[in-house]
Amino acid sequence: MNQGGVATTNGGSGSGSVGVQIHQSRRLPDFLQSVNLKYVKLGYHYLISNLLTLCFIPLIAVISIEASQMNLDDLRQLWVHLQYNLASIIICSAILVFGLTVYIMTRPRPVYLVNYSCYRAPDHLKAPYGRFMDHSKLTGDFDESSLEFQRKILERSGLGEETYVPKAMHNIPPTPSMAAAREEAEEVMFGALDILFHNTNVKPKDIGILVVNCSLFNPTPSLSAMIVNKYKLRGNIRSFNLGGMGCSAGVIAVDLAKDMLQVHRNTYAVVVSTENITQNWYFGNKKSMLIPNCLFRVGGSAVLLSNKSKDRRRAKYKLIHVVRTHRGADDKAFRCVYQEQDDAGKTGVSLSKDLMAIAGGALKTNITTLGPLVLPISEQLLFFTTLVVKKLFNAGIKPYIPDFKLAFDHFCIHAGGRAVIDELEKNLQLLPIHVEASRMTLHRFGNTSSSSIWYELAYIEAKGRMRKRNRVWQIAFGSGFKCNSAVWEALRNVKSSSNGPWEDCIDMYPVKINT
C-alpha cells in the first residue's frame, strides 16, 4: 500500500485485469468545526465594504477595451462632436467648478490633535490602601460600618496602591479649605500645561481658544482665568469654563473647541480637563455618598488642538466624530449622580443603585447614533436585516450587536470604576486587550474623572500599539446623565511623548488585578 491509501492487486484469473482498492486514511474535516467563523465574517466584511469597487471593475474593463479599439478617425469624429456642443460643455464645466467651490468653502475644517499631556502627582501624595484606611479612622468622622464599607469598596474597586489624593487629605485632620483647593487646581492644571507647552514648542500667546472643565470646583475668578493669569494669554482669547458636567465633560470640551475652530481660522485651542477633590471629600456615613471617596483621585490633562493645515505634518491625530447623548429629561437619569447634603448636613455626591442600568441606556442611545457613522456597511446590513426580520416576522431572535472591533482599533473607556469597564467589555463583546488601557489606568491613577480617557490613550502609545490610520474610540459617562463619544484617527505611528504619565512604569504593566 502506498502513502496515499491506494493499493493495486493482480486479478486471480490471470487475465491481466487490475483491481483497485481505495483505503480512506482520514476523514474530510468538519467544516463548521475546522473553519473559524470569525474569518468568514471578516471575509464578508471585506466583500461588502469593497462591493462598489468590485462593481466598477467590469465597467472599467469594458471602457478600456472600447478605448483600445478606437482609431484616428474615431477620435476626429469625437472632437468634431464636442466642438458642436461647446456651449453645453462650458455650462457643465461652470456648474462643476461652482459646485466644487461651494463644497470646499462649506466643508468642515479638519481639527488636529497636535499633542496632549497628563499630570502625575509627586510620590508623597500616594494613597495606598493602608494609609487611606488609617487616615479615615483618624478623622473620627466615620463609624465602624462606614469604615468597613470603604475597605470593601477599595478591595473590589480595581485601584492599585499608587493612586494620589490631594495634600489637604493627607493632613490629620484633613484641611479642605478654599486655599487648598486652589493649590490642588493650580498644581494639576499648570503641571499638565507646562508639559504641553514644552513638548509642542507652542507659545502661550499663540493660543486663541481655551476651554476648561471641572465639575465640582468653580471658584471666582474662574479656573480658565487662573490659566490666563498664569501664562499671560492674550486679551482677545475666547475662554470657556464648564462646570457641573461630570466625568464626560472632557469630550464636551473637545466638542466645544472643535466648533470654535470651525469659526476662527488659523488658530490653536487648548482643552484642560480636571476634577478637584480637596473640597469635595465626603465626611459622612451615607453609603451611596462614600463611594466617590474610594474611587476619585488626583489627575488632569491638557490637549492642544489646531485647524492649521501645516500642523497636519506633526499632529498625532485627526478628530473624526463627536457624538453626545443627554438623558437629563428622564428624572431617574437626572438624579442618578447627584450632589446633595445628607441628614447630618454634610455635602457629597450620591450614586444611585440604578446607575449601571441608566449608563447602559445612555450607551445604547449613543452607539445607535455613532454606529452608522463608523461601522462598515457589512455590519449595518447585518443589524438592519436582523431588525427587519424581528419586526416583520416577530421572530424570537436576539438583536444583532454590531462588532465595533471592525470600526475601531483601540478603546478608551472612561475608568469610572471596575463595574463600568466590565459591563462595556461584556456588552460590546470586546477582548481583554481592548479594555487593558482602561483597567490599568484605573489601577495606576484611579478615577481621574474627565481626564481618564487621556491617561488611557497615553497607555496605548507607551505600549507602542498606535499605528498610522488606527482609529480610537473615547467614550465617557457623566452626571446629567450623559454618554459622550469622540473618534480620532492616527496620522502616523504615534510614540509616547516625553514626560508622559507612564514613562517610568509602563514596563510593569499590565498587572493582574485580583477578583
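- Under an unreviewed UniProt entry, the name given to the protein chain is 3-ketoacyl-CoA synthase, and the source organism is Gossypium hirsutum.
- What UniProt states about the protein chain under its Sequence similarities (unreviewed entry) heading is, verbatim, "Belongs to the thiolase-like superfamily. Chalcone/stilbene synthases family."
- Under the UniProt heading Catalytic activity (unreviewed entry), the note attached to the protein chain is "a very-long-chain acyl-CoA + malonyl-CoA + H(+) = a very-long-chain 3-oxoacyl-CoA + CO2 + CoA".

### A short note on the layout of surface pockets
- Taken as a whole, the largest pocket spans an internal volume of roughly 1,000 Å³.
- If you trace the largest pocket, you find 45 residues lining it, with Ile291, Leu295, Phe296, Leu351 and Leu355 closest to the centre.
- If you list the elements that add at least two residues to the lining of the largest pocket, you get α7 (144-157), α12 (287-295), β9 (337-341), β10 (347-351), α14 (355-374), α16 (418-427) and β12 (471-478).
- Per-element accounting of the lining of the largest pocket gives the leading share, six residues, to α12.
- Per-class residue counts for the lining of the largest pocket are 22 nonpolar, 18 polar and five charged.
- Along its surface, the second largest pocket is lined by 27 residues, and Lys364, Ile367, Thr368, Phe383 and Pro402 are the ones closest to its centre.
- Only α14, α15 (377-393) and α16 provide two or more residues apiece to the lining of the second largest pocket.

### Notes on the environment of Ser224
- Within the secondary structure, Ser224 sits in helix α10 (residues 223-231).
- Setting aside residues up to four positions removed in sequence, Ser224 forms contacts with Leu210, Val212, Ser239, Phe240 and Asn241.

### Brief notes about the packing of aromatic side chains
- In this structure the tally under the stated criterion is 17 aromatic pairs.
- Taking 5.8 Å as the distance between ring centres and 90° as the angle between the ring planes, the aromatic pair formed by Phe190 and Tyr231 counts as edge-to-face. Taken together, the residues span a long stretch of sequence, with Phe190 in helix α9 (residues 178-200) and Tyr231 in helix α10 at a distance of 41 residues. Across the pair, Tyr231 and Phe190 agree in class, each one buried.
- When the ring of Trp502 is compared with that of Tyr509, the centres are 5.3 Å apart and the planes differ by 85°; the resulting orientation is edge-to-face. In this pair, the class of Trp502 matches that of Tyr509, namely buried.
- Through a chain of ring-to-ring contacts, the aromatic side chains of Phe445, Tyr455, Tyr459, Trp502 and Tyr509 assemble into a single cluster.
- Arg335 extends its terminal NZ or CZ atom over the ring of Tyr338, reaching a point 4.0 Å from the ring centre.
- Directly above the ring of Phe445 sits Arg444, whose terminal nitrogen or CZ lies 4.8 Å from the centroid.

### A closer look at the pairing of strand β8 (residues 317-326)
- The sheet contact formed by strand β3 (residues 112-118) and β8 spans two bridges and is antiparallel. Pairing of Tyr112 across the sheet is with Lys318, part of β8.
- Two strands pair when backbone bridges link them, and β8 and strand β13 (residues 482-490) are joined in this way by nine bridges, in the antiparallel orientation. Bridge pairing in β13 places Arg324 opposite Asn484.

### Some remarks on the side chain of His410
- Mapped onto the elements of the fold, His410 is located in strand β11 (residues 410-413).
- In this structure His410 comes out as buried when scored by relative accessible area, which is 11%.
- Among residues more than four places away in sequence, those in contact with His410 are Ile460, Arg465, Met466, Asn470, Arg471, Val472 and Trp473.

Criteria and cut-off values
Residues numbered from 1 in each chain as written. Predicted model: local features only at pLDDT ≥ 70, side-chain atom pairs only at ≥ 80, totals over all residues. Heavy atoms only, no water. UniProt positions renumbered as here; feature names shortened; annotations may be inferred. 1 Å grid on protein atoms, 1.4 Å probe; cavity = no way out; pocket = protein on both sides within 12 Å on 5 of 7 lines; lining within 4 Å. Points joined across faces, edges and corners; volume = space filled by probe spheres on them. Helix = DSSP H or I, 4+ residues; strand = E, 2+ residues; numbered from the N terminus. Nonpolar A, V, L, I, M, F, W, Y, C, P; charged D, E, K, R; others polar. Contact = heavy atoms within 4.5 Å. Phe/Tyr/Trp six-rings, centres within 6.5 Å; stacked < 30°, edge-to-face > 60°. Buried < 20%, exposed > 50% of the residue type's maximum accessible area, 1.4 Å probe, protein only. Lys NZ or Arg CZ within 6 Å of the ring centre and 35° of its normal. Pairing = 2+ DSSP bridges.

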